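Observations on chain architecture
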Amino acid sequence: MTIRTQVIPDSGVTTAMPALEPLLVEIHQGGRAGRHVRGGDEADAQIPAAFARKAPLGLPELTEPQVVRHFTHLAQLNYAVDTGMYPLGSCTMKYNPKINDRVAGLFGDLHPTQPESTVQGALALLAELESMLAKVTGMDAVTLQPAAGAHAEFTAILMFKAYHRKRGEGAKRHRVIVPDTAHGTNPASAAMCGFEVTTVKSDARGNIDLASLKTALGDDVVGLMLTNPNTLGLFEERLREVCDAVHDVGGLVYGDGANMNALLGIARPGDLGFDCIHINVHKTFSTPHGAGGPGAGPLCVKEPLRAFLPKPWIVHDEQGPYRYETKQADSIGRVRTFAGNFGVLVRAYTYMRTLGEEGLAEASNDAILAANYLLAQLRDSYDVAFDRPCMHEFVVSAARQKKLGVSALDVGKALIDEGFHPPTVYFPLVVPEALMIEPTETEPRETLDAFAAAMVRIAEKASTDPASVKAAPKNAPLARLDEVHAARNPKLKWQRPT
Amino acid sequence: MLERVGIRSVDELLTAIPRDTLRPKLGLPVGMSELEIQSHLEALAAKNRTAGAGPFFLGGPVQRRYIPAAVAVLALRGEFLTAYTPYQPEVSQGTLQSIFEYQSLVCELLAMDVANSSMYEGGSAVAEAAFMAVRSTGRKKVVMASEVYFEFRRTVHTYAKGPDLEIVEVPTRDLASAAERAACLIVQHPDAFGGLVDVRQIADAAHAAGALCIQVTEPHANALLEPPGALGVDIVVGEGQPLGIPMSFGGPYLGILACRSALVRQMPGRVVGETHDAHGMRGFVNTLQTREQHIRREKATSNICTNEAIAAISAAIYVALMGPEGLKAAARLGVVKAHALAHRLGALPGCTVSTEGDFFDRFALRVPRLAAGGEGSGYAVRNALLADNILVEATAVHYGDRDDLIIQCTEMTSDAEMDALVAAIESIAASVRETVTAR
């Protein structure tokens, strides 16, 4: 990665505090209006005075080269997949092929309310993507509307609610069950749907504890939200019994598909007992994370849930044109303004068609092998939370290092000085000092070896020179930041120059 | 690698998977080379009619706007595009400062105290704003103007099924009198028909009844119109796509959400704050995270995790490039063109501008019925225009019984497009007259 150590780029700007890069508002000089769009002065007479803006509009004025340099400097302060490996468990930071970005641009100039006859290519692409996702997951129907995994969770739990109401059981079912290893979005999504959350613990092998689950189940249960492989990177060993137990009380099983990168061509959630599963295309299907988003969260469901899918649906008769269908009476309605994060979905489509059936299976196969290969190299230096073969990711604990005063967070920060992004830390919550590691299939063996060597070096340093680990990072653009100060004295925007 | 793991085949790692489900045949096509996939996508794209391929007057929340060349060059840099969520601030200052700049620019444009780092898009942002109002007032009734975009209203109705909220829709003119026991009044200004609304009077009525005022807005309009913060609005939401983001057939877009300081603890989503590092250097971090799902789980203000960060960064780059004068010019050009077009179209026989009162950069047009005694008119005329390769929105069934056209202008609307629209509607109006005369 690019390491920049100078205090302020050669801008001649003085900032209030020493800074890596001034703010736009600090570079601002009056009278430097851009020339991208000009004209329209007559408009001021067409807007009644009562409505006209009287509040000052203190936006910065800059030349284009100033703006370009500013954001280029900022970009250079970032770590990214394009600069190095991200061993981020549950986030699947695989390489994002550039062809996907280029072909997405072919569809940039389409308005979402264009008549169906003018967007047949786009609708065909969406319909084919739905069909491919159904095949990969073993489900019967798909909606591409959700903008992200959490949005898909909310969509699905709303559909569960509608499903139970339709069966006359809406009033009595008010609890959603999640394991203690679940992502935070799962309980948050259930709560947004007005449901209570019951948490079930994990057993000694890292599975959801079947006995506890059975105790928690009853005819007041809406369903179970389950990630498989779970966030420990482990495939649920008694999955069929788990799903059967939920179904036996009339509940539904939601699959959180965050870890789908372990299962492409390996196993289909639809064959395993799930009633639905979402896909994070920004994980499994290589679309870029965009510094936090956008993603897309297609939701794939079994037949009994189809009627409740968000609308409009994209339908077509054999040989006929593609069209929208909005008549579905049981649909929960639309969960967003338009059909989906199309620009992201094009990238996912392109990835799936590029790899094809064999390529996708190979991707999961290699992801599983890479994770086990790393685990084998780290098992002597760190504690292994649950010692059995992992899927595409695994969790080790820095509990041993913690006794020497070095926490999981410190290990992560020390990795920055080794040229790597830290792994996911302190998650899942059931493992103390958790370090959750997912290498993905796109890192070559040399990179895996270099990462393992760095992890081992840090473990050694934790016993020989713990203070140096706690002082990391030293080679990043900034040292550790004061997050407590930020939260206690919220400064959430710049001060306008006076 | 197999040897290091101590296995001969990956299948030895998969013993937890039921045998009868292992390695299924998926039925997907075989893979393609990069050359093949490029050609395949080009062929699909060729089956679409792009906005620039003929007269174009669609708009509403998603608008065809001029995007300076530097926006994509910067925002699509791998260091932004392929970065993860900035949970590790030491190696994410590029993202964090860019988002901080986005929050600052949005607050400046809307005259609000705080903006979050993005929601998915406009419609779901309106719903999340309503949820904020429900939490902060403890009331479950949401009153929304029927002149809010119908896609936004439908999204709010869907979200409301979660916590079982009561949603009441009334015309904008009746909003103020419907505030009793409401958590919020939701008004759109400029409204779906481009109409300018006295938001201050609605905000006052909301506050008098103990409710919040939520304004749905559009970014460019705020360069010329009194901003929500000066009108007494508590929460502002809107679709941020016009700020330099491609239309891209529905997304990814940018949900704008800004509020007053007093509501910040109820705000959904990530927010970036300023702080310093161990050596006293200025830096930025995700902050106030105790509102969020990864900390608070079922007690979080929202389930949102992945957002639209790269779109927020694009918007910051766009606003920085355009500057206040560029933003005003783009907004003004839409206003000027819409008023010129309304003047010409409103003078055609059987046509009337049907937006009530003053309008901004779009307007509704009542058009003559194509077939005497037939149902409606706007939708039929929209279809007739489509046959002439002219794209215009019709209100159809989405705004009560109203069946008009909605015509959006921006700085991209050309004189040739305007002439083509006027000529086409004039010819349709003439043919209707002939039909009627013939009878």
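Residues numbered from 1 in each chain as written. Chains lettered and ligands numbered in written order. Predicted model: local features only at pLDDT ≥ 70, side-chain atom pairs only at ≥ 80, totals over all residues.

**Section: the overall build of chain A**
Along the backbone of chain A there are 17 helices and 13 strands. Relative to the 2.2 N^0.38 estimate, which gives 23 Å for 498 residues, the radius of gyration of chain A is 25 Å and therefore close to what a compact globule would have. Each of the three principal axes of chain A carries a C-alpha extent, and together these read 70 × 70 × 45 Å. Counting only residues that meet the buried cut, chain A has 59% of its 498 residues in that class. A separation of at least 24 residues holds for 71% of the contacts in chain A among residues at least 6 apart in sequence. (Helix = DSSP H or I, 4+ residues; strand = E, 2+ residues; numbered from the N terminus. Rg over C-alpha atoms; globule rule 2.2 N^0.38 Å. Buried ≥ 20, exposed ≤ 12 C-beta atoms within 10 Å, placed from the backbone. Contact = placed C-beta atoms within 7 Å.)

**A look at the interface of chain B and chain A**
Listed per partner, the contact involves 155 residues of chain B and 165 residues of chain A. Examining the composition of the side of chain B that touches chain A, we find that 21 residues originate from one element, helix H11 (residues 309-346) of chain B, more than from any other. Its residues assigned to classes, the side of chain B that touches chain A shows 79 nonpolar, 46 polar and 30 charged. (Nonpolar A, V, L, I, M, F, W, Y, C, P; charged D, E, K, R; others polar.)

**Details of the packing of helix H12 (residues 342-378) of chain A against helix H15 (residues 445-464) of chain A**
Residues and elements named next belong to chain A. Two numbers describe how H12 lies on H15: the axes approach to 10 Å, and their chain directions differ by 30 degrees. The pairing of H12 with H15 is recorded here as roughly parallel in orientation. Handedness of the H12/H15 crossing: right-handed. Side by side, H12 and H15 meet where Ala-370, Tyr-373, Leu-374, Gln-377 and Leu-378 of the first sit next to Leu-448, Phe-451, Ala-452 and Met-455 of the second. Here the contact of H12 with H15 is built from residues that sort into eight nonpolar, one polar and no charged. (Axes fitted to C-alpha atoms, helices over the stretch in contact; angles between N-to-C directions. Parallel < 35°, antiparallel > 145°, perpendicular 65-115°, else oblique. Left-handed = near helix turned anticlockwise from the far one by under 90°.)

**Details of the sheet that holds strand E4 (residues 182-188) of chain B**
Backbone hydrogen bonds are what pair the strands of a sheet, in a parallel or an antiparallel way. Residues and elements named next belong to chain B. Read from one edge to the other, the open sheet built from seven strands follows the order E1-E7-E6-E5-E4-E2-E3, with strand pairing classed as mixed. Looking along the sheet, the strands with just one partner apiece sit at the ends: strand E1 (114-115) and strand E3 (166-170). Across five bridges, E4 lies against strand E5 (residues 212-217) in parallel orientation. Looking across to E5, one finds that Val-187 is bridged to Gln-215. (Pairing = 2+ DSSP bridges.)

**Focus on the sheet that holds strand E2 (residues 175-179) of chain A**
Residues and elements named next belong to chain A. An order of E1-E7-E6-E5-E4-E2-E3 is seen for the seven strands of this open sheet, with the pairing classed as mixed. Where the open sheet ends on each side, the last strands, each with one partner, are strand E1 (141-143) and strand E3 (196-200). Along the sheet, successive strands turn relative to each other by an average axial angle of 20 degrees, direction set aside. Bridge count between E2 and strand E4 (residues 221-227): three bridges; the pairing is parallel. Its bridge partner being in E4, Arg-175 is matched across the sheet by Val-221. Its contacts with the sheet place helix H5 (residues 120-137) against E1, strand E6 (276-278) and strand E7 (299-301), and it is angled at close to 125 degrees to E1.

**Focus: the packing of H12(A) against helix H2 (residues 34-45) of chain B**
Running from N to C, H12(A) and H2(B) point in directions that differ by 135 degrees, and their axes come no closer than 10 Å. Relative to H2(B), H12(A) is oriented oblique. Relative to H2(B), the crossing made by H12(A) is right-handed. Across from A:Thr350, A:Arg353 and A:Thr354 in H12(A), the residues of H2(B) making contact are B:Ile37, B:His40 and B:Leu41. Taken together, the residues of the contact of H12(A) with H2(B) break down into two nonpolar, three polar and one charged.

**Details of unusual backbone geometry**
All names here are of chain B. The peptide bond linking His-189 to Pro-190 adopts the cis configuration, its omega dihedral lying at -5 degrees. When you line up the elements, Pro-190 lands in the loop between E4 and helix H8 (199-208). Across the junction of Gly-251 and Pro-252, the peptide omega takes the value 0 degrees, indicating a cis bond. Tracing the backbone through its elements, the reader meets Pro-252 in the loop between strand E6 (235-239) and strand E7 (255-259). Positive phi, close to 55 degrees, is recorded for Phe-249, a residue that is not glycine. Judged by local crowding, Phe-249 falls into the buried class, with 29 C-beta atoms found within 10 Å.

**Here we look at the environment of B:Leu341**
Residues and elements named next belong to chain B. If you trace the backbone, Leu-341 turns up in helix H11. C-beta crowding within 10 Å serves as the criterion here: with 23 such atoms nearby, Leu-341 is assigned to the buried category. Between the C-alpha atoms of Leu-341 and Ala-424, which are 83 residues apart in sequence, the distance is 13 Å. The residues contacting Leu-341, other than those within four sequence positions of it, are Ile-407, Cys-409 and Met-418.

**Notes on helix H3 (residues 64-75) of chain A**
The end-to-end C-alpha separation of H3(A) is 16 Å, in line with the 16 Å expected for twelve residues at 1.5 Å each. Buried residues of H3(A): A:Gln66, A:Val67, A:His70, A:Phe71, A:Leu74 and A:Ala75, and no others. Along H3(A), the residues classed as buried sweep out an arc of 170 degrees about the axis, all on the same side. Lining the buried residues of H3(A) we find helix H1 (24-27) of chain A together with helix H3 (69-75), helix H4 (78-81), helix H5 (93-110) and H11 of chain B. (Expected span 1.5 Å × (residues − 1). Arc of directions from axis to C-beta.)

**Regarding the environment of A:Thr464**
Residues and elements named next belong to chain A. With respect to the secondary-structure elements, Thr-464 resides in helix H15. Accessibility expressed as a C-beta count within 10 Å gives 9 for Thr-464, which makes it exposed. Put simply, Thr-464 and Asp-410 are 54 residues apart on the chain and 15 Å apart in space, counted from C-alpha to C-alpha.

**Some points on the domain arrangement of chain A**
Residue and element names in this part refer to chain A. Examined at the domain level, chain A breaks down into domain 1 (98-353) and domain 2 (364-484). With 18 residues of domain 1 at the contact, the number on the domain 2 side is 17 residues. Looking at the side of domain 1 that touches domain 2 residue by residue, the class counts come to eight nonpolar, eight polar and two charged. (Domains from an automatic or database assignment.)

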